[in-house]
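Chain by chain, the residues:
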Amino acid sequence: MNSDRSYLQYGLVTFAVHSLAGWLCFGFELDGYMRTSFKRRPSGFLQHLHKRGGGTAVFRYSVVEAGSDFVHSRNLSFPDLKNKKITLVGCGAIGSYVVPALVRLGAGTGSGSLSLIDDDTLWPENLGRHSLGYPSLFKPKSAELKAELSRQFPMSKILASDENVAELPKLFDADLVIDATGEEAVSEMLNARRLRLSSRTPLLHAWILGNGEAVQALWTQGVKGACYRCLRKSGPGDLKEERYPVLKAPPKRKQIACHAFTPFAVSAAMNAAALATEVLVDWLERGDPSPRFRTRIADNADVHKVKNQDPERLSRCPACSDAR
Ligand SMILES: [Zn+2]
């Protein structure tokens, strides 16, 4: 204040002190006449305040904390996803609800990042069960999801790639990889790749069963416990039957023009995303995602019940039996 005259352009001065008891904020007005008078001698204002200006009224004000450290940890009693490098594969129906949850849990803040991988485009048939809407139609899902979440949370570092996941060499160079594709062939490919690399990066799969009668999630890490392929039998004579069957009948298929698909409601995608998020929360809170294999059944679904558990590896698993 002795030589810096820049403060003279302001009508008031404010102070915000971050104390153990919270923010202590106060300020006072800078008299317009005095500011003009002391333009050539800014130190004079200080002397004025010490003497005749000492009677200047001090006002209090409050501040509202809105930074990412506060926003993402405010509702948690454990560390959030700050500083973690997270890669999500699949920005379809399931991924589109996983991503908003990850960002709200602090993904992409601090030194962390959230990479979204999907080479697909948003088509009209996706809109009924995807978190994005008409403004993103015919545009890349990953880039549009990044744009939407970046608009909501500009301080989160979100990256998007529309490359084929099979061609990404550093996929497992992360603290966590999430497979939200819900496509068995892609999940098997990711599982095989993780095992081939002997990666210690956790891989969390989430998918929908049938027409949404149930959703499942599996956390895999290293060679401890079952891998994704261990969820299907692989002994002599086994035809990849499910190890823990849930559905009593094959899912209904729908045909529109020459395109056949499995219909399910948006609630199934949201349930799968919520289940994956809960596994993640247990990992953050307890350092242990157990039970690593979880099944959530829709209330009115007529299916076999499967308990949540930590399944063991299958000795004959074609994917992990040789993995170390
Ligand atoms: Zn296995």
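Summary of the structure given here. Keep in mind the model is a prediction, meaning the values are calculated, not measured. (Residues numbered from 1 in each chain as written. Predicted model: local features only at pLDDT ≥ 70, side-chain atom pairs only at ≥ 80, totals over all residues. Heavy atoms only, no water.)

**Looking at the sheet that holds strand β5 (residues 113–117)**
Then step 1. The mixed open sheet is built from seven strands, whose spatial order is β6-β5-β4-β7-β8-β9-β12. The two strands at the open ends of the sheet, each matched to only one other strand, are β6 (158–161) and β12 (293–297). Direction aside, the axes of adjacent strands within the sheet are offset by 15 degrees on average.
Then step 2. Note: strand β4 (residues 85–89) against β5, five bridges, orientation parallel. Bridging across to β5, K85 finds its partner in S113. (Pairing = 2+ DSSP bridges. Helix = DSSP H or I, 4+ residues; strand = E, 2+ residues; numbered from the N terminus. Axes fitted to C-alpha atoms, helices over the stretch in contact; angles between N-to-C directions.)

**So, the coordination of the zinc ion**
Then step 1. Distances from the zinc ion to its protein donors, namely C227 (SG), C230 (SG), C317 (SG) and C320 (SG), fall within the range 2.2 to 2.3 Å.
Then step 2. Classification of the site at the zinc ion rests on its four donor atoms, whose angles at the metal span 99 to 118 degrees, yielding the label tetrahedral.
Then step 3. Sequence spacing of the donors to the zinc ion: C-x2-C-x86-C-x2-C. Of the two residues, C230 is situated in the loop between β9 (214–220) and β10 (254–256) and C317 in the segment after β12; the sequence distance between them amounts to 87 residues. Here C230 matches C317 in class, with each residue buried. (Donors = N, O, S within 2.8 Å, 3.2 Å for Na, K, Ca; no water. Tetrahedral: all angles 85-135°; square planar, octahedral: opposite > 155°, others 65-115°. Buried < 20%, exposed > 50% of the residue type's maximum accessible area, 1.4 Å probe, protein only.)

**Observations concerning the pairing of β6**
Then step 1. Here β5 runs beside β6; their pairing, made up of four bridges, is parallel. Following the sheet pairing, L116 is matched in β6 by A160.
Then step 2. On the question of chirality, the crossover connecting β5 to the parallel β6 by way of helix α5 (residues 141–152) is right-handed. (Right-handed = clockwise from strand over helix to strand, strands pointing away.)

**Some words on the sheet that holds strand β1 (residues 12–19)**
Strand pairing in a sheet takes place through backbone hydrogen bonds and is either antiparallel or parallel in direction.
Then step 1. Strand order in the open sheet made by the three strands is β1-β2-β3, with antiparallel pairing throughout. Because the sheet does not close on itself, it has two edges, and the strands there are β1 and β3 (58–60). Strand-to-strand twist of the sheet, defined as the mean angle between neighbouring strand axes without regard to direction, takes the value 25 degrees.
Then step 2. In this structure, strand β2 (residues 22–29) lies alongside β3, joined through three bridges in antiparallel fashion. When the sheet's bridge partners are listed, F26 is paired in β3 with R60.

**Topic: the packing of helix α4 (residues 93–104) against α5**
Then step 1. For the pair α4 and α5, interaxial distance at closest approach is 11 Å and the crossing angle is 30 degrees. Considering the angle they form, α4 stands roughly parallel to α5. For the element pair α4 and α5, the recorded crossing hand is right-handed. Touching G95, S96, V99, P100, V103 and R104 of α4 are L145, L149 and Q152, all from α5. (Parallel < 35°, antiparallel > 145°, perpendicular 65-115°, else oblique. Left-handed = near helix turned anticlockwise from the far one by under 90°. Contact = heavy atoms within 4.5 Å.)

Treat this as a map of the structure, not an account of what it does.
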